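# Coordinate inspection notes
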Amino acid sequence: MNRPLIGISTYLEASARWGVWDLPATLLPAGYARLVREAGGAAVLLPPDAPELAASLVARLDAVVVAGGPDVEPARYGAERDPRCGPPAPQRDGWEAALIAAALESGTPLLGICRGMQLLNVALGGTLTQHLDGHAGPDGATGVFGTHAVAPVPGTRYASVVPGACDVPTYHHQAVDRLGAGLVASAHAADGTVEAVELPGAGWVLGVQWHPEAGDDVRVMRALVAAASTAG
């Protein structure tokens, strides 16, 4: 049986080490492909490319995942850079914004994860909080996922996929501020932080602020793969 093709955006790193090599690389944590596979899909990695090519590429996919990664450039949502905002990634911003636009235009199922949710919000005219505490590693540890509870908003698509509160792997210091056009919040953390957003309607568009690829809960990815199967 042919599995739906799920395209996942990737990092472009100037230096990555493996074996005897230290070279520029496009890379992605293995958890993304694992989660897609466990959900019944086939992962296709999408390195940053020319934005004008996004629509033709998305047309060959059954769904798109915009992965986690660096902070979105504040100029994209009309804000001045906070000193705590991470270094810019303009090539990735441009490429992933084009992937989002192409998926929305074509009705291709779309899932944004962490940065991907934030960029979806920005692409639809929303803004971000550039720094908040308490959502990264335990006791502020770097490179270590924290955990906190997320509660769904009743009646949303996310609530139909994950009907109750659950603990999620988290590592972020930015979050949705003003929602983009048409988006609704579909989950929150205990402190009120928006933890999921979606576009109501016939299309399947969801963003989650946490990192499902760092855990073993396959429900969100399985819902994306199911939507991709139907769309395909």
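Criteria and thresholds
- The written sequence of each chain sets the order in which its residues are numbered from 1.
- The predicted nature of this model means local features are confined to residues of pLDDT at least 70 and side-chain atom pairs, given and counted, to a pLDDT of 80 or more, with totals for whole chains, interfaces and linings taken over all residues.
- Side-chain metrics rest on all non-hydrogen atoms present in the structure, leaving aside hydrogens and water.
- For the exposure calls, accessible area comes from a 1.4 Å probe over protein chains only, and a residue counts as buried if that area is under 20% of its type's maximum, exposed if over 50%, partly exposed in between.
- Put simply, DSSP H or I for four residues or longer makes a helix, DSSP E for two residues or longer makes a strand, and each gets a number counted from the N terminus.
- Any two strands are treated as partners once DSSP identifies two or more bridges connecting them.
- A pocket, in this scheme, is an open set of points on a 1 Å grid over the protein atoms alone with protein on both sides within 12 Å along at least 5 of 7 lines, while a cavity is a set where a 1.4 Å probe fits but cannot get out; residues line either one if an atom lies within 4 Å of a point.
- Grid points are joined across faces, edges and corners, and a volume is the space filled by probe spheres set on the points.
- Gly falls in the polar group here, along with every residue not listed as nonpolar (Ala, Val, Leu, Ile, Met, Phe, Trp, Tyr, Cys, Pro) or charged (Asp, Glu, Lys, Arg).
- We define a salt bridge as a side-chain nitrogen of Lys or Arg found within 4 Å of a carboxyl oxygen belonging to Asp or Glu.

## A short note on the pairing of strand β9 (residues 166-170)
For β9, a buried count of four out of five residues is recorded, marking the element as mostly surrounded by other parts of the structure. Relative to β9, strand β8 (residues 146-152) is paired through five bridges, and the arrangement is antiparallel. When the bridges of β9 are listed, H148 appears paired with V168.

## Quick notes on the layout of surface pockets
Over the atoms rolls a probe the size of a water molecule, and its path tells where empty space is left. By volume, the largest pocket amounts to about 490 Å³. Lining the largest pocket are 28 residues, and of these A136, Y171, H172, H173 and H211 sit closest to its centre. Broken down by secondary-structure element, the contributors of at least two residues to the lining of the largest pocket are α1 (30-38) and α4 (115-123). Looking at the lining of the largest pocket, its residues break down into eleven nonpolar, 14 polar and three charged.

## Comments concerning the pattern of salt bridges
The tally for this structure, following the rule as stated, stands at nine salt bridges. Across the salt bridge formed by R81 and E73, the nearest N and O atoms sit 2.7 Å from each other. Taking the relative accessible area as the measure of exposure, R81 reaches 35% and is therefore partly exposed. With a shortest N-O distance of 2.8 Å, E96 and R115 are connected by a salt bridge. With E96 in helix α3 (residues 90-106) and R115 in helix α4, the pair connects residues that are 19 residues apart, well separated along the chain. You can call R115 buried: its relative accessible area is 1%.

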